[in-house]
Amino acid sequence: MSTTTKTESIAPKMPVFTTSAAMTLLWKKAALKLQTDELEWFADGAGNEVNTQTHSMADFLMALGSMVGSDTESGSFQDADDVSNLLYSLSHQLSTLNGLVNIAVDASYLVRLALKGQP
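Residues numbered from 1 in each chain as written. Predicted model: local features only at pLDDT ≥ 70, side-chain atom pairs only at ≥ 80, totals over all residues. Heavy atoms only, no water.

Engineer: Which parts of the structure should I look at to understand the packing of helix H3 (residues 36–70) against helix H4 (residues 80–115)?
Structural biologist: When two helices pack together, their arrangement is given by the angle between their axes and by how far apart the axes lie. Packing of H3 against H4 leaves a shortest axis separation of 8 Å and a crossing angle of 155 degrees. With respect to their mutual orientation, H3 and H4 come out roughly antiparallel. The crossing of H3 and H4 is left-handed. Of the residues that constitute the contact of H3 with H4, the class distribution is 22 nonpolar, 6 polar and 2 charged. (Axes fitted to C-alpha atoms, helices over the stretch in contact; angles between N-to-C directions. Helix = DSSP H or I, 4+ residues; strand = E, 2+ residues; numbered from the N terminus. Parallel < 35°, antiparallel > 145°, perpendicular 65-115°, else oblique. Left-handed = near helix turned anticlockwise from the far one by under 90°. Nonpolar A, V, L, I, M, F, W, Y, C, P; charged D, E, K, R; others polar.)

Written as structure tokens, this is what we have:
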């Protein structure tokens, strides 16, 4: 006798939860219901936000590299957990930015279609 319920057997398999995956799922459900001005807002806003955040992250990483490079004995990153936590955090931030880029690209495409009069 199977312990799987009917709902579990027909429900689509969800990806591992990440901010990017959540944004993508919500975007796919909402994108075709948005007006052209709303799509433009996503296309422009997401693109601008990614630009701002990647510049900020680059500055942060440059400063962090300088700090670590000059840190001789005080040990800001002497514990492996400190380094791995930082790298995990940076990875999640980049994943989120990647999700925004995907939304911006898709929104731009949908705007172009709408302006051409295609559904």
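Once you've had a look at it, read on.
Engineer: How do you make sense of the environment of Asn51 when you look at a structure like this?
Structural biologist: Within the secondary structure layout, Asn51 lies in helix H3. Considering only alpha carbons, one finds Asn51 and Val101, 50 residues apart in sequence, at a separation of 9.6 Å.

Engineer: Where do I start with the nonpolar core in this structure?
Structural biologist: Soluble globular proteins tend to bury their nonpolar side chains together. Counting residues in each nonpolar core, the largest one holds 17 residues, and the members touching the most others are Trp27, Leu39, Leu97, Leu100 and Leu110. The biggest single contributor to this core is H4, with 9 residues. Residues within four places of Leu97 in sequence aside, it is in contact with Val50, Gln53, Thr54 and Met57. (Core = buried A, V, L, I, M, F, W, Y, C linked by side-chain atoms within 4.5 Å. Buried < 20%, exposed > 50% of the residue type's maximum accessible area, 1.4 Å probe, protein only. Contact = heavy atoms within 4.5 Å.)

Engineer: In this structure, what is going on with the packing of aromatic side chains? I would like to understand it.
Structural biologist: By convention here, two paired aromatic rings are described through the distance between centres and the angle between planes. Summed over the entire model, instances satisfying the criterion amount to 2 aromatic pairs. Centroid distance Trp27 to Phe42: 4.9 Å. Interplanar angle 65 degrees. Geometry classified as edge-to-face. Of this pair, Trp27 sits in helix H2 (residues 19–30) while Phe42 sits in helix H3, and the two are 15 residues apart along the sequence. Look at Trp27 and you get buried, because its relative accessible area is 7%. Residue class for Phe42 comes out partly exposed when judged on its relative accessible area of 27%. Taken together, a centroid distance of 5.0 Å and an interplanar angle of 80 degrees make the contact between Trp41 and Phe42 edge-to-face. Put simply, the rings of Trp27, Trp41 and Phe42 touch in pairs and so form one group of aromatic residues. (Phe/Tyr/Trp six-rings, centres within 6.5 Å; stacked < 30°, edge-to-face > 60°.)

Engineer: Please clarify how the side chain of Ser20 should be interpreted in this entry.
Structural biologist: Secondary-structure assignment places Ser20 in helix H2. You can call Ser20 buried: its relative accessible area is 9%. Here Ser95 takes part through its backbone oxygen, which lies 3.4 Å from a polar atom of the side chain of Ser20. Those residues in contact with Ser20 that sit more than four places away from it in its chain are Ser95 and Gly99. (Polar contact = N/O pair within 3.5 Å; in protein donor to acceptor, adjacent residues only side chain to side chain.)

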